[in-house]
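The primary structure of each chain is shown beneath.
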Amino acid sequence: MVNAEMLRFYWKLGEQIVQQQVGYAWGDGFLKQLSQDLMAEFPDIKGFSRRNLEYIRRWYLFWSQDALIAQQLVAQLDQLPWGHHTTILDKCKSLESARFYLQASVQHGWSRAVLTHQIESQLWQRQGIAINNFSVTLSPVQSDLVGQTLKDPYVFDFLNLSPEYNERQLEQALIDKISHFLIELGVGFAYVGKQVPLLVGQREFYLDLLFYHTKLHCYVVVELKVVDFEPEHIGKLNFYIKAVDEQIKTTYDHPTIGLLLCKSKDHLVAQYALSDVKKPIGISAYELKKVLPSVEQLEKELKHLGREEE
């Protein structure tokens, strides 16, 4: 209630500041004087610094561009601390993206640090655009839900791998940073295991990573590839999904989903590869943190350049 009252007060204050500045053509000096007057009048109340008054003014101007959005915002004010609002204001350029992060923060209970990470990793631009065949392999409702759950690309900027990393090293690095990995995967993902064994006939196969999605109520098989996408990757993942459906999935679970994460992909090739596949699969790229070259690599490159100049 205290947070709601404070933010509603900020909204009215922002409205009055804007009206006064427009009506009297007052500039920055007005905010400085207003800050001094308010702090003198209410010495026990924080939030009246000139910097915060400028935030309040910008916040009101930003959200009042659309009357419907403004009404919805005021109704949700008590659900987010002021720090979340200033973060969204600083980092979002459009009402559409700001509304996405506002609603996601309320829905998922993001901390300010998680909110900042999601904005800086461009979650809004990446959400729901993975190449997939969900519309022909899942029910309409499940298809929409799953489609909005996956991203493209996934950003693994919390990893620190050498340029020569392989699939097993990538897999282990993701598990070592499982809390960061789960945040990037999104709300609802629960880690089940890595290199999960499945016996099919007389042979044993191993799933790279297995998750259960608590909101979609289904298993998610994640296959990692440290190379560019190739059509044959789909056949292997399709086989794994079939095995999970037969051996792990229960009657209470929705169909198992596959997510192929590869270094990069040709969109048309990926779409062709999925066109006749019967199991639900999404294909996304991933991005790693840019790693500076080692001293040995620099020395090797310098020697190579030296030989070219001779």
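See the structure above.
Right, let's walk through the structure included here. (Residues numbered from 1 in each chain as written. Predicted model: local features only at pLDDT ≥ 70, side-chain atom pairs only at ≥ 80, totals over all residues. Heavy atoms only, no water.)

**Concerning the pattern of salt bridges**
In step 1: The final tally for this structure, using the stated rule, is ten salt bridges.
In step 2: Close ionic contact of Glu184 with Lys151 constitutes a salt bridge, the shortest N to O distance being 4.0 Å. Within this pair, whereas Glu184 is found in helix H12 (residues 178-185), its partner Lys151 is found in the loop between helix H10 (140-149) and strand E2 (154-156), the two being separated by 33 residues in sequence. An identical accessibility class is assigned to Glu184 and Lys151; each is buried.
In step 3: Ionic pairing is found between Glu246 and Lys242, a salt bridge with its closest N-O pair at 3.2 Å. Placement of both Glu246 and Lys242 in helix H13 (residues 232-247) is noted, with a separation of four residues, approximately one turn of the helix.
In step 4: Connected through shared salt-bridge partners, Arg126, Lys151 and Glu184 make up one network. (Salt bridge = Lys/Arg side-chain N within 4 Å of Asp/Glu carboxyl O. Helix = DSSP H or I, 4+ residues; strand = E, 2+ residues; numbered from the N terminus. Buried < 20%, exposed > 50% of the residue type's maximum accessible area, 1.4 Å probe, protein only.)

**Remarks on unusual backbone geometry**
In step 1: With an omega of -5°, the peptide bond between Asp152 and Pro153 qualifies as cis.
In step 2: With a phi close to 60°, Gln122 is a non-glycine residue in the positive phi region.
In step 3: Residue position: Gln122 is located in the loop between helix H7 (112-120) and helix H8 (123-126).
In step 4: On the basis of relative accessibility, which here comes to 44%, the residue Gln122 falls in the partly exposed class.
In step 5: One non-glycine residue with positive phi stands out, namely Gln195, at about 45°.
In step 6: Examined against the element boundaries, Gln195 turns out to sit in strand E3 (residues 189-200).
In step 7: Since its relative accessible area comes to 22%, Gln195 is described here as partly exposed.

**Quick word on the nonpolar core**
In step 1: Core analysis: the biggest nonpolar cluster contains 33 residues, and Leu53, Trp59, Trp63, Ile88 and Tyr101 have the highest contact counts within it.
In step 2: If you list the elements that add at least two residues to this core, you get helix H1 (2-24), helix H2 (28-41), helix H3 (50-63), helix H5 (82-91), helix H6 (95-108) and H7.
In step 3: By residue number, the principal contributor to this core is H3, which donates seven residues.
In step 4: The contacts of Leu53, once residues within four sequence positions are left out, are Leu13, Ile17, Leu31, Leu34, Ser35, Leu38, Gly47 and Phe48.
In step 5: In this structure, Leu138, Val146, Phe156 and Leu261 belong to the second largest nonpolar core, which totals 30 residues. (Core = buried A, V, L, I, M, F, W, Y, C linked by side-chain atoms within 4.5 Å. Contact = heavy atoms within 4.5 Å.)

**Comments concerning the packing of aromatic side chains**
In step 1: For the structure shown, the criterion picks out 18 aromatic pairs.
In step 2: When the centroid spacing of 5.0 Å and the interplanar angle of 70° are considered together, the rings of Trp11 and Tyr60 count as edge-to-face. Taken together, the residues span a long stretch of sequence, with Trp11 in helix H1 and Tyr60 in helix H3 at a distance of 49 residues. A single burial state applies to Trp11 and to Tyr60, both of which are buried.
In step 3: Judged by centre distance (4.8 Å) and plane angle (65°), the rings of Phe205 and Phe239 are edge-to-face. Residue Phe205 is found in strand E4 (residues 203-213), and its partner Phe239 is found in helix H13; the two are separated by 34 residues along the sequence.
In step 4: Three or more aromatic residues joined by ring pairs form one cluster here, namely Phe9, Tyr10, Trp11, Phe42, Phe48, Trp59, Tyr60 and Trp82. (Phe/Tyr/Trp six-rings, centres within 6.5 Å; stacked < 30°, edge-to-face > 60°.)

**Regarding the packing of H5 against H7**
In step 1: Close contact between H5 and H7 brings their axes to 10 Å; oriented N to C, the two are set at 15°. As summarised for this structure, H5 and H7 are arranged roughly parallel, according to the angle between their axes. Both H5 and H7 take part in a crossing whose hand is right-handed. Listed contacts from H7 to Gly83, His84, Thr86, Thr87, Ile88 and Lys91 of H5 are Arg112, Leu115, Thr116, Ile119 and Glu120.
In step 2: Here the residues of the contact of H5 with H7 are counted per class, giving three nonpolar, five polar and three charged. (Axes fitted to C-alpha atoms, helices over the stretch in contact; angles between N-to-C directions. Parallel < 35°, antiparallel > 145°, perpendicular 65-115°, else oblique. Left-handed = near helix turned anticlockwise from the far one by under 90°. Nonpolar A, V, L, I, M, F, W, Y, C, P; charged D, E, K, R; others polar.)

**Quick notes on the environment of Ser264**
In step 1: One can find Ser264 in the loop between strand E6 (257-262) and helix H14 (267-274).
In step 2: With 38 residues separating them in the primary sequence, Ser264 and Val226 have C-alpha atoms 8.8 Å apart.
In step 3: Setting aside chain neighbours within four positions, we find Ser264 in contact with Val227, Asp228, Phe229 and Ala285.
In step 4: Within polar-contact distance, the side chain of Ser264 engages the side chain of Asp228 at 2.5 Å. (Polar contact = N/O pair within 3.5 Å; in protein donor to acceptor, adjacent residues only side chain to side chain.)

**Examining helix H11 (residues 167-176)**
Note that an α-helix has 3.6 residues per turn; residues three or four places apart therefore point the same way.
In step 1: Among the residues of H11, Leu170, Glu171, Ala173, Leu174 and Ile175 are the ones counted as buried.
In step 2: With a side-chain oxygen positioned 3.2 Å from the backbone nitrogen of Arg168, the residue opening H11 is Asn166.

**Section: the pairing of E6**
In step 1: For E6, the tally of buried residues reaches six of six residues, placing the bulk of the element in the interior.
In step 2: Neither face of E6 is open: one carries Ile257, Leu259 and Leu261, the other Gly258, Leu260 and Cys262, and all of them are buried.
In step 3: What joins strand E5 (residues 218-224) to E6 is H13, and the crossover it makes is right-handed.
In step 4: The sheet contact formed by E6 and strand E7 (residues 281-288) spans five bridges and is parallel. Bridge pairing in E7 links Leu259 to Gly282. (Right-handed = clockwise from strand over helix to strand, strands pointing away. Pairing = 2+ DSSP bridges.)

Honestly, it's all geometry; don't read function into it.
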